[in-house]
Structure formats: C-alpha cells, structure tokens
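# Structural description and commentary
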Amino acid sequence: MNPGLDAPEAARQLREQIAAQFGRSLHIRTLDTGSCTVCEQEIRLLSAPHYDLHRLGFFFTPAPRHADLLLVTGPMVRAFEVAARKAYEAMPGPKIVVATGACALGGVYQADPFVHGQVGAVLPVDVWIPGCPPSPLALLHGLSVAVGRLAEKAPGLTFIADDESPGDGT
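Residues numbered from 1 in each chain as written. Predicted model: local features only at pLDDT ≥ 70, side-chain atom pairs only at ≥ 80, totals over all residues. Heavy atoms only, no water.

Further remarks concern the overall build of the chain. Scanning the chain for helices and strands turns up four helices and five strands. Seen in sequence order, the chain has helices and strands lined up from the N terminus as α-β-α-β-β-α-β-β-α. Burial status across the chain gives 41% buried among its 170 residues. For the chain, contacts bridging at least 24 residues in sequence account for 80% of all contacts bridging at least 6. (Helix = DSSP H or I, 4+ residues; strand = E, 2+ residues; numbered from the N terminus. Buried < 20%, exposed > 50% of the residue type's maximum accessible area, 1.4 Å probe, protein only. Contact = heavy atoms within 4.5 Å.)

Structure below.
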C-alpha cells in the first residue's frame, strides 16, 4: 500500500490486488502458539464493521487446507511445535506465514526453556507485525505487506474464474 493514499483508495487498491492474485479472496488461518489472547482480540476486531476485513477480500478459515496465509500469535511453545508444522504443511502453496505480536517476535520468552522464542525458529516467517498487542491498523498493514510477498512468491499464479472451465483456455 502506498502511504500517501487516503484510506478508501488504499482499500480499493488492496482489494484489486487480492482479486488479481486470488480470484476473489485470501483465506487466513489463525494459529495461537501460546499467547495470552490479547492479539486474538485485536484480530477479532478486524471483522467488526469499523475495519470490515471482508470488504478487502480477507476471510478467516478454520482449516489450514483452505488457507493461503497463516497468522501466528504467541511465542512458539515447544509443546506446540509439531502441531504448528502440521498446520503449515497442510496449507496449499504458495503459502505465507505472518508472525503477530511481540511474543511471536521473541518477546520476553527468549530464554524460557519451554519456548523456542520467536515463531521463526519453527516456521518460515514472511512478515513480522510488532506490537503488544498490534493494533488492527498495524494488522491490516501487515496483511497488505503479506499480499505483496505472496505475489512475489508466485508471480505467474492464475486462478480459474467461476464462469470458465479448465478446458476453455480463456
């Protein structure tokens, strides 16, 4: 997103970029790896009418198999390592991981023997969103950066529209 744009224009550009990259929407799977749930409360605010994440083409999904983006909160506790890797591996490619909040970036848990520290110790993180907790606007900015990173990972990615069939060639 261009920082010089007003909010409606920035939202329009982000919506167009998501539509161009994913057809209509980008699906997010949230993954709590040991957080205090404050980050999740801020993430929930994104669905409220004030931020209305859905108008931008972002949707939450309960299944990693349907997700394009893994939004991870909390420090990576050792007990959750296997489950986090399984969730990541279940996602179809191209996939992107966003570490959300100070705990996911390492926070005060770096030396804790029950914690790996930052999420990047277990999963390949593409975007880091700092804050304790990050504000909804910081989350939106991080998601827009993630859309750009996903476009870099798969520049030639195209999807079939609802009105075409795979054999049409259109």
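When a protein is soluble and globular, its nonpolar side chains tend to lie buried together. One finds Leu-26, Ile-28, Phe-58 and Leu-69 to be the most contacted residues of the largest nonpolar core, which totals 23 residues. Secondary structure elements with two or more residues in this core: α1 (7-22), β1 (26-32), β3 (69-73), β4 (96-100), β5 (127-129) and α4 (136-153). A total of six residues in this core trace back to one element, the largest contributor, which is α4. Apart from the residues within four sequence positions on either side, Leu-26 is in contact with Ile-18, Gly-57, Phe-58, Phe-59, Asp-68, Leu-69, Val-147 and Leu-150. Residues Leu-70, Ala-84, Ala-87 and Leu-123 belong to the second largest nonpolar core, which totals 16 residues. (Core = buried A, V, L, I, M, F, W, Y, C linked by side-chain atoms within 4.5 Å.)

In terms of strand pairing, β1 meets strand β2 (residues 58-60) through three bridges, oriented parallel. Looking at β2, one finds that Leu-26 is bridged to Phe-58. Examined bridge by bridge, β1 and β3 share five bridges and lie parallel to one another. What sits directly across from Arg-29, in β3, is Leu-70. (Pairing = 2+ DSSP bridges.)

Another point: the packing of aromatic side chains. Under the defined criterion, the tally for this structure stands at zero aromatic pairs. Over the aromatic face of Tyr-88 sits the side chain of Lys-95, whose NZ or CZ is 4.4 Å from the ring centroid. (Phe/Tyr/Trp six-rings, centres within 6.5 Å; stacked < 30°, edge-to-face > 60°. Lys NZ or Arg CZ within 6 Å of the ring centre and 35° of its normal.)

Here the residue pair Gly-93 and Pro-94 is connected by a cis peptide bond, since its omega of -10 degrees sits within 30 degrees of zero. A cis amide bond, omega -10 degrees, links Cys-132 with the succeeding residue Pro-133. As for its position among the elements, Pro-133 is in the loop between β5 and α4. Even without a glycine there, the phi angle at Thr-37 is positive, about 75 degrees. Assignment of secondary structure puts Thr-37 in the loop between β1 and α2 (38-45). Despite not being glycine, Asp-52 has its phi angle at roughly 45 degrees, a positive value. The residue Asp-52 is located in the loop between α2 and β2 in this model. For Asp-52, a relative accessible area of 26% puts it in the partly exposed group.

A word on α2. Residues Cys-39, Glu-40, Glu-42 and Ile-43 constitute the buried set of α2. Seen end-on, α2 carries its buried residues on one side only, within an arc spanning 160 degrees. (Arc of directions from axis to C-beta.)

Burial runs high along β3: five of the five residues are buried. The pairing of β3 with β4 spans five bridges and is classified as parallel. Residue pairing in the sheet places Thr-73 in a bridge with Thr-100 of β4. Running through helix α3 (residues 81-90), the crossover from β3 to the neighbouring parallel element β4 is right-handed. (Right-handed = clockwise from strand over helix to strand, strands pointing away.)

Our focus in this paragraph is the sheet that holds β2. Backbone-to-backbone hydrogen bonds pair the strands of a sheet. The strands run either parallel or antiparallel. Across the sheet, five strands lie side by side as β2-β1-β3-β4-β5; this open sheet has parallel pairing. At either end of the open sheet lies a strand with only one pairing partner, and these are β2 and β5. Geometrically, the sheet is characterised by an average inter-axis angle of 25 degrees between neighbouring strands, direction not taken into account. Packing of α4 onto the sheet brings it into contact with β1, β2, β3, β4 and β5, and relative to β5 it is tilted by some 175 degrees. (Axes fitted to C-alpha atoms, helices over the stretch in contact; angles between N-to-C directions.)

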